[in-house]
Every structure is written in C-alpha cells, then in structure tokens.
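# Examination of the molecular architecture
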Amino acid sequence: MRVGAHVSVAGGVDNAVDNQRDVGGNCGQIFTHSPQVWQDPNVDDDEATAFREGTAEHLDGPWVIHSSYLVNLCTPKDDLRAKSVDSMQREVDAADKLGIEYVNVHLGAHTGAGVDGGLDNAVSALDELDVPEGVTVLVESDAGSGTKLGGDFEHLAAVLEESTHDLGVCLDTAHAFAAGYDLSTPAGVDETVDEFDDVIGLEHLHCLHLNDSKHACGTNKDEHAHVGEGEIGVDGMRRIVGHPDLRDRPFVLETPTEDGKSFAWNIDRVHELAAE
Ligand SMILES: [Zn+2]
Ligand SMILES: [Zn+2]
C-alpha cells in the first residue's frame, strides 16, 4: 500500500526523500516553503534533480505539494485573490520542476460572498492558473468552520464540475468527520464512500489525508489526532485503510509527533490495521 507522511524540506527539498524513508513512508507531502507566510518556492536545479532521482530510486510516490494556508480561492477581496492565484501558480510550477503529480489546496472562506459566490470565486481563480501537463490540482475536503467551503461534498463537486481544469479531490478524514461525515464505524465509512461516489465520483479521488480527529463528528473543529487515537477510532480507521475503494489510494499522514507518537508510529499502525 502507499502510505507516507507530510515531511520537512528544511535544508533543501531533496531532504524530503530521506525524511520520508526515515519514517517508513513510500509516498508523501511537502510544503515548498513556510505555509504561514507569502513566500516563493525556492527550488534550485540541483535540489530538484536530487529530489527526482531520490524519489525514483527509493519511493513509490506520489508526492503532493500542500499549498500555503494563506491561499483563499473563495475570497471576494481582489488583493487576496491575486496573491492566492500567484502563489498557486508558483506551486504548480514547482511541482512541474520536481516531477510532483499533485498540488493540494483548500477552497478557503467566502467571508460574506455566500456559498455560491464563494464557489464561483474559487472556480474562476483556479481557471486563471496555467497548470503544467502532468500536474493535477486537488481540492481538499475541509472541516467547514466559519465561512470556509469544502466541508460538504457538494461544494467540491460544484468546483470540479465548473472548472475548465481536470481537478481532483483529496479527502482529509479528520476534516470530513468534523464536517459531519461519520467515519467512526465500518457502516459509516461505507456510507461516506457511497456518498462521495454519488456526489463527486470516486474516479476523482486521488489522495487521502489520513488523520484521526480530536473532536466529535459534526463539530467543524479541525484538530488532528493519531491514527485510531481520536474520535474516528480504531474501527473507523481499520475500515478506511481496508475499504476496497480506498485501500489502493495514497494515504498521507499529517499529524505531527505528540505524546511520543511519531509519523513512524502512525505508518506502522496503518500497516497493522490494513493487515487485520
Ligand atoms: Zn490541508
Ligand atoms: Zn489535510
């Protein structure tokens, strides 16, 4: 199975390959720069070559670039929209340079534009991008707090439907659970997968962010827990990693070390649950 972690690129993006191997992952995710500030991905040619070669030699892939947290595609504000589009363009160009298949983004918050207005803004912002061949933009399911969109599968489906790009979806299990999709039981997982297929279509599901949740279903609170240690729990997680429509997709872990439980611990746990 393909499972890996969100790893650091400190000291050079090529270090992500060794960081991934160290935790026992064979695919994974990176930020190209600090996600809390507007900053350009700074990838020099030698690092890019080393990253590509290391990935080809040691990993299965895919890699995902997670875009900056400042990006807000749904915003009605012109300056924020322009910065968001510019930032996304640099991420898809970095992905092209690194041979990375996916750039993942949250739709963002409509901040008063309304759900339909916000979704329209997201579509038109995405459509401004010049996405290189071989790179696919994934919209991530959101926990849906405040005016953030992407909590309902219908939001993601609307953006996929309306955009001129061939977009995909990244399903974050903690976010979907917080947004009201009950993944804590095998039956709940099966129902959620069926609903995803009905509303979006499983052919558009390219990746999962495999996170448990510290908060209950439907609370819209986004706080990750280690696999099986949160409110989704062992029964839900076992079904997610074993579900016939999910198990062949890449699983990316995003919950940093806490209480002595590292990415390596989580990756081992996923393999154990998948083998049960
Ligand atoms: Zn995310
Ligand atoms: Zn996520």
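On a predicted model such as this, the values are computed, not experimentally measured, just so you know.

### As for the environment of Pro76
Position of Pro76 relative to the elements: it lies in the loop between β3 (63–66) and α3 (78–98). Overall, Pro76 belongs to the partly exposed group, its relative accessible area being 40%. Sequence spacing of Pro76 and Ala109 is 33 residues, and the spatial spacing of their C-alpha atoms is 9.3 Å. Not counting residues within four places of it along the chain, the set of residues in contact with Pro76 comprises His110, Thr111, Ala113 and Asn121.

### Examining the nonpolar core
Grouped together as the largest cluster of nonpolar side chains are 70 residues, with contacts concentrated most on Ile30, Trp63, Leu107, Leu210 and Ile240. A per-element tally of this core places α3 first, with six residues. Setting aside chain neighbours within four positions, we find Ile240 in contact with Thr173, Leu183, Val189, Leu208, Leu210, Ile232, Leu246 and Phe251. Membership of the second largest hydrophobic core comes to six residues, among which are Val64, Leu138, Cys170 and Cys207.

### Here we look at the coordination of the zinc ion (ligand 1)
Six octahedral donors around a metal ideally subtend angles of 90 or 180 degrees, whereas four tetrahedral donors ideally subtend 109.5 degrees. Taken together, the protein donors to the zinc ion (ligand 1) comprise His66 (NE2), His106 (NE2) and Glu140 (OE), at separations of 2.1 to 2.2 Å. We note that the donor set of the zinc ion (ligand 1) lies within a single chain, spaced as H-x39-H-x33-E. Here the zinc ion (ligand 1) and the zinc ion (ligand 2) are spaced 3.4 Å apart, and both take Glu140 as a donor. Of this pair, His106 sits in strand β4 (residues 102–106) while Glu140 sits in strand β6 (residues 136–140), and the two are 34 residues apart along the sequence. Residue His106 shares its accessibility class with Glu140, and that shared class is buried.

### Some words on the environment of Val139
Here Val139 shows up in strand β6. Judged by its relative accessible area of 0%, Val139 falls in the buried class. For the pair Val139 and Val159, spaced 20 residues apart in the sequence, the C-alpha separation amounts to 8.6 Å. Dropping the residues within four chain positions of it, Val139 is found in contact with Val105, Leu107, Leu126, Leu156, Leu160, Gly168, Val169 and Cys170.

### Considering the coordination of the zinc ion (ligand 2)
The protein atoms that coordinate the zinc ion (ligand 2) are Glu140 (OE), Asp172 (OD), His209 (ND1) and Glu254 (OE), at distances of 2.1 to 2.2 Å. Taken together, the four donor atoms surrounding the zinc ion (ligand 2) define angles of 88 to 177 degrees at the centre, an arrangement classified as irregular. One chain supplies every donor for the zinc ion (ligand 2), spaced along it as E-x31-D-x36-H-x44-E.

### Let's talk about the UniProt feature "binding site: Zn(2+) 2" (unreviewed entry) in the protein chain
According to UniProt, the positions carrying the feature "binding site: Zn(2+) 2" (unreviewed entry) are Glu140, Asp172, His209 and Glu254. For this annotated set, covering 115 residues, all C-alpha atoms fall within 13.2 Å of each other, a compact arrangement in space. Aside from chain neighbours lying at most four places away, what touches Glu140 is His66, Asn104, Val105, His106, Gly150, Leu156, Cys170, Asp172, His175, His209 and Glu254. Within the structure, the side chain of Glu140 is placed 3.3 Å from the side chain of His66, a separation counted as a polar contact. By the element assignment, His209 lies in strand β9 (residues 205–209).

### A look at the state of the cysteines
Tallied over the full model, the rule gives zero disulfides. Its sulfur unpaired, Cys170 is 4.1 Å from the next cysteine sulfur, which belongs to Cys207. Under the relative-accessibility criterion, Cys170 is labelled buried at 0%. By relative accessible area, Cys207 is classed as buried at 1%.

### With respect to the packing of helix α4 (residues 114–127) against helix α5 (residues 153–162)
In the contact formed by α4 and α5, the axes pass within 9 Å of each other and the chain directions differ by 40 degrees. Considered as vectors, α4 and α5 are oriented oblique to each other. By crossing handedness, the relation of α4 to α5 is classed as right-handed. Along the contact surface, α4 presents Val115, Leu119, Val123, Leu126 and Asp127, while α5 presents His155, Ala158, Val159 and Glu162.

### Quick notes on the pairing of β3
Burial along β3 is two-sided: the residues Trp63 and Ile65 and Val64 and His66 are all buried. Relative to β3, strand β2 (residues 28–30) runs parallel, the two being bridged by three bridges. Looking across to β3, one finds that Gln29 is bridged to Val64. Handedness of the crossover joining β2 and β3 through helix α2 (residues 45–58): right-handed. In this structure, β3 lies alongside β4, joined through three bridges in parallel fashion.

Basis of the calculations
- Residues numbered from 1 in each chain as written.
- Chains lettered and ligands numbered in written order.
- Predicted model: local features only at pLDDT ≥ 70, side-chain atom pairs only at ≥ 80, totals over all residues.
- Heavy atoms only, no water.
- Helix = DSSP H or I, 4+ residues; strand = E, 2+ residues; numbered from the N terminus.
- Buried < 20%, exposed > 50% of the residue type's maximum accessible area, 1.4 Å probe, protein only.
- Contact = heavy atoms within 4.5 Å.
- Core = buried A, V, L, I, M, F, W, Y, C linked by side-chain atoms within 4.5 Å.
- Donors = N, O, S within 2.8 Å, 3.2 Å for Na, K, Ca; no water.
- Tetrahedral: all angles 85-135°; square planar, octahedral: opposite > 155°, others 65-115°.
- UniProt positions renumbered as here; feature names shortened; annotations may be inferred.
- Polar contact = N/O pair within 3.5 Å; in protein donor to acceptor, adjacent residues only side chain to side chain.
- Disulfide = S-S within 2.5 Å.
- Axes fitted to C-alpha atoms, helices over the stretch in contact; angles between N-to-C directions.
- Parallel < 35°, antiparallel > 145°, perpendicular 65-115°, else oblique.
- Left-handed = near helix turned anticlockwise from the far one by under 90°.
- Pairing = 2+ DSSP bridges.
- Right-handed = clockwise from strand over helix to strand, strands pointing away.

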